[in-house]
Amino acid sequence: MTLSDYLASLAGELRVGPFRRRRILAEVEDHLRASVDERLAPDVPRYEAEEAALARFGPYEDLAAGFNR
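Residues numbered from 1 in each chain as written. Predicted model: local features only at pLDDT ≥ 70, side-chain atom pairs only at ≥ 80, totals over all residues. Heavy atoms only, no water.

(A) Focus on helix 3 (residues 46–57). Its twelve residues place the ends of helix 3 17 Å apart at the C-alpha level, agreeing with the 16 Å of an ideal helix rising 1.5 Å per residue. All of the buried residues in helix 3 are Ala-49, Glu-50, Ala-53 and Leu-54. All buried residues of helix 3 fall inside an arc of 130 degrees around its axis, so they share one side. For helix 3, the exposed residues lying more than 90 degrees away from the buried face are Tyr-47, Ala-55 and Arg-56. Where the residues of helix 3 are buried, they touch helix 1 (3–13) and helix 2 (18–39). Directly after helix 3, the chain includes Gly-58, whose backbone phi takes a positive value near 85 degrees. (Helix = DSSP H or I, 4+ residues; strand = E, 2+ residues; numbered from the N terminus. Expected span 1.5 Å × (residues − 1). Buried < 20%, exposed > 50% of the residue type's maximum accessible area, 1.4 Å probe, protein only. Arc of directions from axis to C-beta. Contact = heavy atoms within 4.5 Å.)

This is the structure in structure tokens:
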């Protein structure tokens, strides 16, 4: 799953108003991109850094459930 796929799936699970949805998605995207950047190295391909960042965040369903409460 790519970062874009993760964010799109998260958006589909969020049961919040449009303003809050945009803020959540922007914040999650910022954190994911920062996490990817921290993991990038000459010997680490981008897709591996993205996979590690997404694993750290956990399933989008669980993240959405937390925001939906």
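(B) How the structure looks around the packing of helix 2 against helix 3. The contact between helix 2 and helix 3 brings their axes to 8 Å, and the two run at 130 degrees. By the angle class used here, helix 2 and helix 3 are oblique. The handedness of the crossing between helix 2 and helix 3 comes out as right-handed. Note on element contacts: helix 3 touches helix 2 through Arg-46, Ala-49, Glu-50, Ala-52, Ala-53, Leu-54, Arg-56 and Phe-57, opposite Val-28, His-31, Leu-32, Ser-35, Val-36, Asp-37 and Arg-39. (Axes fitted to C-alpha atoms, helices over the stretch in contact; angles between N-to-C directions. Parallel < 35°, antiparallel > 145°, perpendicular 65-115°, else oblique. Left-handed = near helix turned anticlockwise from the far one by under 90°.)

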